[in-house]
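One letter stands for each residue in the lines below.
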Amino acid sequence: MNNGKDARSYKAQKVIDRMGQKLSRQIVGSLTACVHCGMCTDSCHYVLANPGDPTYAPAYKADMIRKLFKHHYDWTGKYFPNWVKAGSVYTDQELEELKDTVFGKCTNCRRCTINCPMGVDLATFNRMARGLLCHVGIMPEGVEYVAKEQWEIGNQMGVLKEDFIGTIEWQEEELQEEMQDPTAKIPIDKMNADIVYTVNPREVKHDPRSILDAAKIFYMAGENYTMPSEGWDMTNFGLFNGDDDLGGAVAGRVYDNVRELKGKKLVMSECGHGYRSTRCEGPNWAKQDIEFEAESSVITMLRYIKEGKIKVDKTKNPGSFTFHDSCNNARSCGLTEEPRELLSLVVEDFREMYPNRAENYCCTGGGGAMSMSEYKARRLKSGKVKAEQLTATGAETVVTSCHNCVDGLTDIIGHYNVGMNVTQLVNLVANALVVDDRINENTTKYAAELATLG
Ligand code: SF4
Ligand code: SF4
């Protein structure tokens, strides 16, 4: 059936063929379950910002992918094509239109999913559709660029190994100075460490302060940890571009390095999609079981305080704070209570944002949106509800456990003149550390050693 069109472009045919290989039970369940009740419509931040435009409705966007499934892979499309709205794609232009929807009108945040009584998970098959398009080279330029960096250089920001090591050594010097301890280390590639600490490349390139803050916490806790010189990027662009092969290669690289170093536990710094990819999706993409524990640094920091390994003083973080849940942490991984517990231990004035936890709205930077500059105006417009959420808290600072959210929120705060700072838990925990006794001890010890040397 071709609706009177005789030829299908090479790329359109490849997309259709590959769809057949990617249809899992989970995806087919979501593709068939929608009853078009519309209950998900107002859960989407794009809809709230564009109330008169039906093309932003989750069910409309889903139907652009669903029609292909119905036409080519579902019996209902064969016998009742008009009734089930089956349809195909024939031209590269139609694929470009699909690209505009799956990359430019959805951040795969999954808020519509939790508001769907049928359990339709649009984000899962939207990701599949992204993967089909990427397979034939149809994707935003930024997506192509970042994926290439992660394939070829091993991290999303193209940080070379010598630059990574140089940054860690620089932060080690800062640590020694702040702690007045010339022996303080940020160990690289240490064997048999209890923790292998992995980070987001944004920290190495734009925010090394977060690496230093984590190092201070590890130092004060007396942790036996290391950072790997390879496989240190715990983010994964495969989650965003729908490429399971990239997802498996990136996650596998992290797992392999933990094994090579004989590390006991993998700890990931604060990054929503990295946490979801490395801890939850990665083993499937990489087709391997991981025999070691993998945890978010939020849980590690909370444990240190509870076990008395570090002491914190919440008066060191004056001002008012609210918390933004990353979609991947909260909706996809259930990491909602630990960050709040930790935050309440390191600040005095915590104000909840509404709605929150799994019902929180996307920062607008999800799904790799920060790399798609062509959709920036659309993305900022969709942040209206987030700006309203932030403003309603009256807080001076918004805290989040995700580097992507830091960037998304910073953009929204600037665009809507919200007047708020953005920070992460690691920065607040490091700032609240009670270090004076330790520094005095170090100063006395090293002054005595210097005196001995004459
Ligand atoms: S709520 Fe679920 S069933 Fe209803 S339109 Fe949305 S996706 Fe379809
Ligand atoms: S996954 Fe998020 S952005 Fe995409 S349609 Fe659903 S609510 Fe909207």
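Anything mentioned here points back to the structure above.
The text that follows walks through the structure, step by step, so that each part is easy to find. (Residues numbered from 1 in each chain as written. Chains lettered and ligands numbered in written order. Predicted model: local features only at pLDDT ≥ 70, side-chain atom pairs only at ≥ 80, totals over all residues. Heavy atoms only, no water.)

1. Re the site of ligand 1
In plain terms, the rule: We call a residue near a molecule or strand when any one of its heavy atoms sits within 4 Å of it. Gly is put with the polar residues, along with every residue not named as nonpolar or charged; the nonpolar set is Ala, Val, Leu, Ile, Met, Phe, Trp, Tyr, Cys and Pro, and the charged set is Asp, Glu, Lys and Arg.
Close to ligand 1 lie Cys34, Val35, His36, Cys37, Gly38, Met39, Cys40, Ala59, Cys116, Pro117, Met118 and Val120, which account for all nearby residues. Split by residue class, the shell around ligand 1 holds 10 nonpolar, 2 polar and no charged.

2. Overview of the sheet that holds strand E6 (residues 349-351)
The pairing of strands in a sheet comes from backbone hydrogen bonds and takes either a parallel or an antiparallel form. Note the following rule: Only when DSSP finds a minimum of two bridges between them are two strands counted as paired. Secondary structure follows DSSP: runs of H or I at least 4 residues long count as helices, runs of E at least 2 residues long count as strands, and numbering of each begins at the N terminus. Axis angles are defined between N-to-C directions and span 0 to 180 degrees, where every axis is a line fitted to C-alpha atoms and, for a helix, only to the segment in contact.
Ordered by their spatial adjacency, 4 strands build an open sheet running E6-E5-E7-E8, and the pairing between neighbours is parallel. Across the chains shown, the open sheet's two edge strands, defined by having one partner strand only, are E6 and strand E8 (421-424). Across this sheet, the average inter-strand angle for adjacent strands is 35°, counted without regard to direction. Across 3 bridges, strand E5 (residues 320-324) lies against E6 in parallel orientation.

3. A word on the environment of Ala49
Topologically, Ala49 is positioned in helix H3 (residues 45-49). Residues Ala49 and Ala387, 338 residues apart in the sequence, show an inter-C-alpha distance of 11 Å.

4. Let's talk about the packing of aromatic side chains
Stated precisely, the cut-off is as follows: Two aromatic rings, drawn from Phe, Tyr or Trp (for Trp, its six-membered ring), form a pair once their centres lie within 6.5 Å of each other, and the interplanar angle then sorts them: stacked below 30 degrees, edge-to-face above 60, tilted otherwise. Throughout, exposure labels follow a simple rule: accessible area from a 1.4 Å probe, protein chains only, divided by the maximum for the residue type, with under 20% read as buried, over 50% as exposed, and the rest as partly exposed. When the NZ atom of lysine or the CZ atom of arginine is within 6 Å of a ring's centre and also within 35 degrees of its normal, the charge is said to sit over that ring.
Tallying each qualifying case throughout the model produces 9 aromatic pairs. Aromatic side chains Trp75 and Phe80 sit 6.2 Å apart centroid to centroid with 70° between the ring planes, which places their arrangement in the edge-to-face category. Judged by its relative accessible area of 56%, Trp75 is exposed. On the basis of an interplanar angle of 85° and a centroid distance of 5.4 Å, the ring pair of Phe80 and Trp83 is categorised as edge-to-face. The class of Phe80 is partly exposed, set by a relative accessible area of 34%. Classification of Trp83 by relative accessible area gives exposed; the value is 70%. These aromatic residues form a ring-pair network of at least three members: Tyr197, Phe218, Tyr225 and Tyr304. Geometry around Tyr361 places Arg111 over its ring, the cationic atom sitting 3.8 Å from the centre.

5. Focus on the sheet that holds strand E2 (residues 225-226)
As a reminder, the rule being used: When checking whether two residues touch, look at their non-hydrogen atoms; a contact exists if any pair is within 4.5 Å.
One open sheet holds the 4 strands; their spatial order is E2-E1-E3-E4, and the pairing between them is parallel. Two strands bound the open sheet, and with one partner strand each, they are E2 and strand E4 (293-296). Looking at chain direction, strand E1 (residues 195-198) and E2 are connected through 2 bridges and run parallel. Paired with Val196 across the bridge in E2 is Thr226. Here helix H16 (residues 297-306) sits on the sheet and contacts E1, strand E3 (265-268) and E4; the angle it forms with E4, its principal contact strand, is near 85°.

6. Considering unusual backbone geometry
For the bond from Tyr354 to Pro355, the omega torsion is -10°, close enough to zero to count as cis. Tracing the backbone through its elements, the reader meets Pro355 in the loop between E6 and helix H19 (376-382). A positive phi angle, near 75°, is found at Arg110, a position not held by glycine. Relative to the elements of secondary structure, Arg110 occurs in the loop between helix H6 (92-102) and helix H7 (111-114). Here Arg110 falls in the buried class, since its relative accessible area comes to 18%. In this structure, Lys262 takes a positive phi of about 55° despite not being glycine. Note on placement: Lys262 falls in the loop between helix H14 (244-260) and E3.

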